[in-house]
Amino acid sequence: MARSYDAILEKTALQPTRQGLRDLLENDDPELLQALTRHAYHVKTRELGRNVYFRGIIEFSNICTKDCYYCGIRKSNHLVNRYELSEEEILREARWCYENHYGSLVLQSGERRDPAFVDKIEWLLKEIKSLSHGSLGVTLSVGEQDLKTYERWFQAGAHRYLLRIETSNPRLYSSLHPKSHSWEERRRCLDYLRQSGYQVGTGFLIGVPGQTFDDMAGDILFLKEIDIDMVGMGPFIPHEETPLGSSAPFDPLRQLTLGLKMIALVRMVMKDVNIAATTALQALSPTGRELGLRAGANIIMPNVTDLAYRRGYQLYQNKPGLDENAVEQRINLEQSIEALGEKVCYGEWGDSLHFKKRQKG
Ligand code: 5AD
């Protein structure tokens, strides 16, 4: 039966169109989900092998100057206890990544642009490079900055950057953010990042209120248009202390399915990029990240932040891993990944092949 979708999927992978992608996203036939997953997994193994890379993520501060309507750590949420890890704590977690042979780590926090913040990141980058004798790769995920700042951090040793555009539709973007937040500015930052030499990652909120299938099809084409290197996207999950917390009935299975379909379609269209199986998938199903790998993802970002701080970084409700420490998580993930027939590649950066080919070409 599922065979009947094969021709359409071949065609979509070769020549994706907005209409074609929209039809596939809209169609909720379980056979299609299976066919999509199979097809995308085939593309992943053909392009990248059965390899999974870990990036230990350090959520080093939830202090944020932004006020996104969907996010639990938005500035206006006064119910959150704000925290910032000390330099020593961050370096301890970075050392843990190094000693456990994670090829790279991600430094993520709420967005700040003040000089003290910019300096701190620069200092940390140099220290992390030094403690790991240059071997740990560092990805930054600390929001919109000016070109000079991006350049400074690149010089200091960061070589990848994640900045989700959240949606490719500027009108939808403005309905999800206050007036002071600008889609155009965010879009410009993606150009600055490319210009500064980073491997650039972006992504979206999937199934956010007000979003249409046409918007999601546009999101996939946006990645192609800007020739992205890495993708991190996840289903929207409401957080009750935010304006979008109770705006629409929440259907976890629908969100999970949409998240998996987006991964599969992005893998089919973008082929050799890095795609993360994000924590939001795991919030919707205990095996969400493994399903993400089956649907074409090849990156997992295990949380290595000290347990004492996890509660403070609730971007959405029921964010998992509140009490699973870094060691337990590594062991559990490794087991479930091996059970899928995939290999965790320790001690390697696992750079985006897409990026490497662009450099050569
Ligand atoms: N549901 C899912 N993802 C969210 N993020 C923020 N709030 C939510 C939510 N309620 C995501 C955003 C942001 C990333 C750090 O977390 O896409 O870019």
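Up top is the structure these notes are about.
Keep in mind that this is a model prediction, so the values were computed, not measured.

Draft legend 1. Spotlight on the overall build of the protein chain. On a plain count of helices and strands, the protein chain comes out with 15 helices and 11 strands. The C-alpha atoms of the protein chain give a radius of gyration of 19 Å, which matches the 21 Å a tight globule of 361 residues would have. Every one of the 361 residues in the protein chain was classed for burial, and the buried ones make up 59%. Partitioning the intrachain contacts of the protein chain with sequence separation of at least 6 by distance along the chain shows that 76% fall at a separation of at least 24. In the structure as shown, the protein chain presents an accessible area of about 15,100 Å², 51% of it carried by carbon and sulfur atoms. Mean positive and mean negative side-chain charge positions of the protein chain (46 and 48 charges, respectively) differ by 4 Å.

Draft legend 2. Structural view of the packing of helix H2 (residues 18–26) against helix H9 (residues 213–225). At a minimum axis distance of 8 Å, the contact between H2 and H9 shows a crossing angle of 125°. Considering the angle they form, H2 stands oblique to H9. Where H2 crosses over H9, the handedness of that crossing is right-handed. Contact residues: H2 offers Arg18, Leu21, Arg22, Leu25 and Glu26, while H9 offers Phe213, Asp214, Asp215, Met216, Ala217, Gly218, Ile220 and Leu221.

Draft legend 3. Seen up close, the pattern of salt bridges. Enumeration according to the criterion identifies 25 salt bridges in this entry. The partner of Arg112 in a salt bridge is Glu84, and the shortest N-O contact between them spans 3.5 Å. With Arg112 in the loop between strand E2 (104–109) and helix H5 (115–131) and Glu84 in the loop between strand E1 (51–61) and helix H4 (87–99), the pair connects residues that are 28 residues apart, well separated along the chain. Its relative accessible area of 14% is what places Arg112 among the buried residues. Take Glu84: its relative accessible area is 34%, and that puts it in the partly exposed class.

Draft legend 4. Focus on the site of the ligand. As a matter of local geometry, the ligand sits amid Tyr70, Cys71, Arg164, Glu166, Leu205, Pro235, Phe236, Ile237, Leu315 and Tyr316. For the ligand, a nitrogen atom lies 2.7 Å from a polar atom in the backbone of Ile237. For the ligand, whose accessible area on its own is 410 Å², the fraction buried by protein is 88%.

Draft legend 5. Representation of the pairing of E1 in the model. Extensive coverage of E1 is indicated by the burial of 11 of its 11 residues. With two bridges connecting them, E1 and strand E11 (residues 343–344) associate as parallel partners. Note that in E11 the partner of Val52 across the bridge is Val344. Note that E1 and strand E10 (residues 299–300) share two bridges and pair parallel. Paired with Tyr53 across the two strands is Ile299, which belongs to E10. Relative to E2, E1 runs parallel, the two being bridged by six bridges. Residue pairing in the sheet places Glu59 in a bridge with Gln108 of E2. At this point the chain moves from E1, through H4, to the parallel E2, and the crossover so formed is right-handed.

Draft legend 6. Representation of the packing of helix H3 (residues 30–48) against helix H10 (residues 252–270). Where H3 contacts H10, the axes come no closer than 8 Å and their chain directions differ by 40°. Between H3 and H10, the angle is such that the two are oblique. Both H3 and H10 take part in a crossing whose hand is left-handed. Residue-level contacts link Leu32, Leu33, Leu36, His39, Ala40, Val43, Lys44 and Leu48 of H3 to Thr257, Leu260, Lys261, Ala264, Leu265, Arg267 and Met268 of H10. Among the residues forming the contact of H3 with H10, the class breakdown is 10 nonpolar, two polar and three charged.

Draft legend 7. Structural detail: the pairing of E2. Of all six residues making up E2, six are buried, and the element is well covered by its neighbours. In E2, alternate side chains face the same way, and those of Ser104, Val106 and Gln108 on one face and Leu105, Leu107 and Ser109 on the other are all buried. In this sheet, strand E3 (residues 137–141) lies alongside E2 in parallel orientation, the contact comprising five bridges. From the neighbouring strand, Ser104 faces E3, where its bridge partner is Gly137. Taking the sense of rotation as the criterion, the β-α-β connection linking E2, H5 and E3 turns out right-handed.

Draft legend 8. Layout of helix H8 (residues 183–196). Compared with an ideal rise of 1.5 Å per residue, which puts 14 residues at 20 Å, H8 spans 20 Å between its outermost C-alpha atoms and is within 8% of the ideal. Taken together, the buried positions of H8 are occupied by Trp183, Arg186, Arg187, Cys189, Leu190, Leu193 and Ser196. Check the buried side of H8 and you find it contacts helix H6 (147–155), strand E4 (160–162), helix H7 (170–176), strand E5 (199–202) and H9. In the segment just after H8, Gly197 is the residue with positive phi, at about 110°.

Draft legend 9. Just unusual backbone geometry, in detail. In the Ramachandran plot, His101 falls in the positive-phi region, its phi being about 65° despite a non-glycine side chain. Position of His101 among the secondary structure elements: in the loop between H4 and E2. Owing to a relative accessible area of 49%, His101 belongs among the partly exposed residues under this scheme. Within the chain, Asp227 stands out as a residue other than glycine whose phi angle is a positive 55°. The topology assignment puts Asp227 in the loop between H9 and strand E7 (230–231). With a relative accessible area of 27%, Asp227 lands in the partly exposed category.

Quick notes on the rules
- Residues numbered from 1 in each chain as written.
- Predicted model: local features only at pLDDT ≥ 70, side-chain atom pairs only at ≥ 80, totals over all residues.
- Heavy atoms only, no water.
- Helix = DSSP H or I, 4+ residues; strand = E, 2+ residues; numbered from the N terminus.
- Rg over C-alpha atoms; globule rule 2.2 N^0.38 Å.
- Buried < 20%, exposed > 50% of the residue type's maximum accessible area, 1.4 Å probe, protein only.
- Contact = heavy atoms within 4.5 Å.
- Areas by Shrake-Rupley, 256 points an atom, 1.4 Å probe, with all protein chains shown as cover.
- Lys, Arg positive; Asp, Glu negative; His and termini not counted.
- Charge placed at Lys NZ, Arg CZ, Asp CG, Glu CD.
- Axes fitted to C-alpha atoms, helices over the stretch in contact; angles between N-to-C directions.
- Parallel < 35°, antiparallel > 145°, perpendicular 65-115°, else oblique.
- Left-handed = near helix turned anticlockwise from the far one by under 90°.
- Salt bridge = Lys/Arg side-chain N within 4 Å of Asp/Glu carboxyl O.
- Near = heavy atom within 4 Å.
- Polar contact = N/O pair within 3.5 Å; in protein donor to acceptor, adjacent residues only side chain to side chain.
- Pairing = 2+ DSSP bridges.
- Right-handed = clockwise from strand over helix to strand, strands pointing away.
- Nonpolar A, V, L, I, M, F, W, Y, C, P; charged D, E, K, R; others polar.
- Expected span 1.5 Å × (residues − 1).

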